[in-house]
Amino acid sequence: MVTQTECFNLKDAISKQAEATFVDIQNLYRELHRTPELPFKEYKTSARLADALESLGYEVTRDVGGTGVVALMNNGTGPTVMLRGDMDALPIKEETGLDFASKETTIAADGNEVPLMHACGHDLHSSCIVGTAAVMAALKEHWSGTLMLICQPAEEIFGGAKAMLNDGLYERFPRPDIILGQHNMPALAGSVGHITGSAMAACTNLEVTIHGAGGHGSMPAQTVDPIVIAAHVVTRLQSIVSREVPPEETVVVTVGKLHSGTQANIIPHSAELEINIRSFDDALHSQVVTSIERIIRAECEAGRSPKLPEFRVLNETIALHNDTMAVEHVRSAHAKHFGDANLYAMPRLNGSEDFPFFGNAEAGGFGGEDIPYAYWFIGATAAERWAKTPGESVSQKMRHLEMPHSPYYFPGNDVTLRTGIEAMTTGALAYLA
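Draft legend 1. Main features of the overall build of the chain. Assigned secondary structure in the chain consists of 12 helices and 18 strands. Relative to a compact globule of 433 residues, whose C-alpha radius of gyration would be 22 Å, the chain shows 24 Å and is just as compact. With the principal axes as the frame, the chain shows a C-alpha extent of 85 × 50 × 45 Å. A total of 433 residues make up the chain; the buried ones form 53% of that total. Within the chain, counting contacts between residues at least 6 apart in sequence, those at least 24 apart form 81% of the total. Here the chain displays about 18800 Å² of accessible surface, and carbon together with sulfur accounts for 51% of that area. Each charge class in the chain was averaged separately, 32 positive and 53 negative side chains, and the resulting centres sit 3 Å apart.

Okay, here's the thing in structure tokens:
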């Protein structure tokens, strides 16, 4: 049994080793930030991370599920703890003004050139994985078991977790006993937020094609106008949340894209919509998607559409439900390391993640029981900015701050980077020490 004195010494050792590796990790972070890559295109990023992990003595496997990296350190008997960080970026032009800001561009799938930016902090997450790897390697005498580190591709399109699982993640490598992950948030830098149970939403991005019969704008009776049908669809979809979802549930239905036609006097042949659906209950989520499809079919029939509408799921993920015991266990370790004053209650987020696929046996497509997981949040707003931000609670202040996916969002300050390394290390040692 570990005594309080030994815990205190281990706390100091974690901080000391994190500081010893900090300059290298800071340089790694800035390098990754400067050179972002799109989902499943993280070739340079994954190679750089794999090299860094190999240099620390880990057994590294590359190209798992495309560009994923798996690093193992076997250190005697004990549980297998999996730590996950993501590494893909977004097609956003960076406006942070940093001297290491991204100026990268690439050709997207549609053939157009797009700018690139780490606007969600995945460069921070993967840098923290390497920083944790360095600290854990230096503290090998203080823990026993297997540490499994994951650098995951394509989180932004909910593709990387399933790709790694489909590539035999739990057959080729040890099946973890616990899975830990973290994400940055515009909370106070140096703070760590926890939430048990329902934490992040399920999400489906649905593409819909509505067919019409185009013709001259002066002769609408000789056509079937898909724009009119689409307009009725957009309006009618708003009734799902208000009339089909219980009021105590949280569901969002957003039509984020509606495209049809080329000019005023041409009635087009088709209209395309993209619909974003979010909820915190997977069964209810499926019900809402079914309702959307029912309404669109009915409106197409009412509008005399000559063909049935076409539906295509662009990407989707399940709700993130943190294991209560795992979160409390990790929170206790974080409280000992950071102090209760530096912990906060994280509000439930309508944002979504593909992280829960790693723990959900049915949705993740792996056999056996579900694997418990804990997913927490590290603050990314510098203290001076935080103090000047209106509001009392974390939720109130967040409304006035840049959020992930903003071209002005920058989570990678030194305090956040240190906190991310120490939070992940402390979480792992809560099971391995």
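Additional details are given in the paragraphs that follow.
Draft legend 2. How the structure looks around the layout of surface pockets. Computed from the structure, the largest pocket encloses a volume of approximately 1300 Å³. Together, 43 residues line the largest pocket, and Leu-90, Pro-91, Glu-156, Ile-157 and His-405 are the ones closest to its centre.

Draft legend 3. Inspection of the nonpolar core at higher detail. Grouped together as the largest cluster of nonpolar side chains are 53 residues, with contacts concentrated most on Leu-53, Tyr-58, Leu-83, Leu-147 and Leu-149. With 9 residues, helix 1 (residues 4–34) is the largest single contributor of residues to this core. Beyond its immediate chain neighbours, meaning those up to four positions away, Leu-149 contacts Leu-53, Tyr-58, Val-69, Val-70, Ala-71, Leu-83, Ile-129 and Ala-133.

Draft legend 4. Seen up close, the sheet that holds strand 14 (residues 270–279). On the basis of which strands lie adjacent, the open sheet formed by 4 strands has the order 12-14-10-15 and antiparallel pairing. The open sheet has two free edges, formed respectively by strand 12 (251–259) and strand 15 (310–317), since each of these has just one partner strand. The mean inter-strand angle of the sheet, taken between neighbouring strand axes irrespective of direction, is 20 degrees. Across 10 bridges, strand 10 (residues 202–211) lies against strand 14 in antiparallel orientation. When the bridges of strand 14 are listed, Glu-207 appears paired with Glu-274.

Draft legend 5. Here's a closer look at helix 3 (residues 122–138). The end-to-end C-alpha separation of helix 3 is 25 Å, in line with the 24 Å expected for 17 residues at 1.5 Å each. Of all 17 residues making up helix 3, 15 are buried, and the element is well covered by its neighbours.

Draft legend 6. Local environment of the packing of aromatic side chains. Scanning the model with the defined rule gives 6 aromatic pairs in all. Ring geometry for Tyr-29 against Phe-100: centres 6.2 Å apart, planes inclined by 80 degrees, an arrangement best described as edge-to-face. With Tyr-29 in helix 1 and Phe-100 in the loop between strand 3 (80–86) and strand 4 (105–107), the pair connects residues that are 71 residues apart, well separated along the chain. For the pair Tyr-29 and Phe-100, a shared accessibility class is recorded, and that class is buried. Here Tyr-375 and Phe-377 contribute two aromatic rings whose centre-to-centre distance is 5.5 Å and whose plane-to-plane angle is 85 degrees, an arrangement assigned as edge-to-face. Each member of the pair, Tyr-375 as well as Phe-377, is classed as buried. A connected cluster of aromatic rings, assembled from ring pairs, spans Phe-355, Tyr-373, Tyr-375 and Phe-377. When the ring centre of Trp-386 is taken as reference, the NZ or CZ atom of Lys-397 above it lies at 5.3 Å.

Draft legend 7. Spatial organisation of the pairing of strand 10. Counting buried residues along strand 10, 10 of its 10 residues qualify, which places the element largely inside the surrounding structure. Side chains of strand 10 alternate between two faces, with Ala-202, Thr-204, Leu-206, Val-208 and Ile-210 and Cys-203, Asn-205, Glu-207, Thr-209 and His-211 buried alike. The pairing of strand 10 with strand 15 spans 7 bridges and is classified as antiparallel. Residue Glu-207 lies in a different strand from strand 15, and its bridge partner there is Arg-312.

Draft legend 8. Main features of a negative patch on the surface. A cluster of acidic side chains, namely Glu-248, Glu-249, Asp-281 and Asp-282, defines a negative patch on the protein surface. By secondary structure assignment, the location of Glu-249 is in the loop between helix 6 (226–244) and strand 12.

Draft legend 9. The sheet that holds strand 3, seen in detail. In spatial order, the strands read 1-2-6-3-7-18-8-17; together these 8 strands make up an open sheet with mixed pairing. The open sheet has two edge strands with one neighbour each: strand 1 (59–64) and strand 17 (343–345). The mean angle between the axes of side-by-side strands here comes to 25 degrees, regardless of whether they run parallel or antiparallel. Against the sheet, helix 3 touches strand 2 (68–75), strand 3, strand 6 (145–152), strand 7 (178–188) and strand 18 (373–381), its axis set at about 145 degrees to strand 3.

Draft legend 10. Main features of the pattern of salt bridges. Per the counting criterion, the structure on display carries 16 salt bridges. Across the pair Arg-84 and Glu-353 runs a salt bridge whose closest N-O atoms are separated by 2.8 Å. You can see Arg-84 sitting in strand 3 and its partner Glu-353 sitting in the loop between strand 17 and helix 9 (361–364), a full 269 residues away along the chain. Each member of the pair, Arg-84 together with Glu-353, is buried. Of the charged contacts in the structure, one is a salt bridge between Lys-257 and Glu-272, with a shortest N-O distance of 4.0 Å. One end of the pair, Lys-257, is in strand 12; the other, Glu-272, is in strand 14, with 15 residues separating them in the sequence. Look at the salt bridges and you will find they share partners, linking Arg-84, Asp-86, Glu-353 and Asp-354 into a network.

Draft legend 11. The arrangement of unusual backbone geometry in detail. A positive phi is found at Asp-63, a non-glycine position, where the angle reads about 60 degrees. Topologically, Asp-63 is positioned in strand 1. Under the relative-accessibility criterion, Asp-63 is labelled exposed at 54%. Of note, Phe-158 is a non-glycine position whose phi angle comes to about 55 degrees, a positive value. Residue position: Phe-158 is located in the loop between strand 6 and helix 4 (160–166). For Phe-158, a relative accessible area of 10% translates into the label buried.

The rules we used
- Residues numbered from 1 in each chain as written.
- Predicted model: local features only at pLDDT ≥ 70, side-chain atom pairs only at ≥ 80, totals over all residues.
- Heavy atoms only, no water.
- Helix = DSSP H or I, 4+ residues; strand = E, 2+ residues; numbered from the N terminus.
- Rg over C-alpha atoms; globule rule 2.2 N^0.38 Å.
- Buried < 20%, exposed > 50% of the residue type's maximum accessible area, 1.4 Å probe, protein only.
- Contact = heavy atoms within 4.5 Å.
- Areas by Shrake-Rupley, 256 points an atom, 1.4 Å probe, with all protein chains shown as cover.
- Lys, Arg positive; Asp, Glu negative; His and termini not counted.
- Charge placed at Lys NZ, Arg CZ, Asp CG, Glu CD.
- 1 Å grid on protein atoms, 1.4 Å probe; cavity = no way out; pocket = protein on both sides within 12 Å on 5 of 7 lines; lining within 4 Å.
- Points joined across faces, edges and corners; volume = space filled by probe spheres on them.
- Core = buried A, V, L, I, M, F, W, Y, C linked by side-chain atoms within 4.5 Å.
- Pairing = 2+ DSSP bridges.
- Axes fitted to C-alpha atoms, helices over the stretch in contact; angles between N-to-C directions.
- Expected span 1.5 Å × (residues − 1).
- Phe/Tyr/Trp six-rings, centres within 6.5 Å; stacked < 30°, edge-to-face > 60°.
- Lys NZ or Arg CZ within 6 Å of the ring centre and 35° of its normal.
- Patch = residues over 30% accessible without salt bridge, like charges linked within 9 Å, V, L, I, M, F, W, Y side chains within 5 Å.
- Salt bridge = Lys/Arg side-chain N within 4 Å of Asp/Glu carboxyl O.

These values are about where atoms sit, not about what they do.
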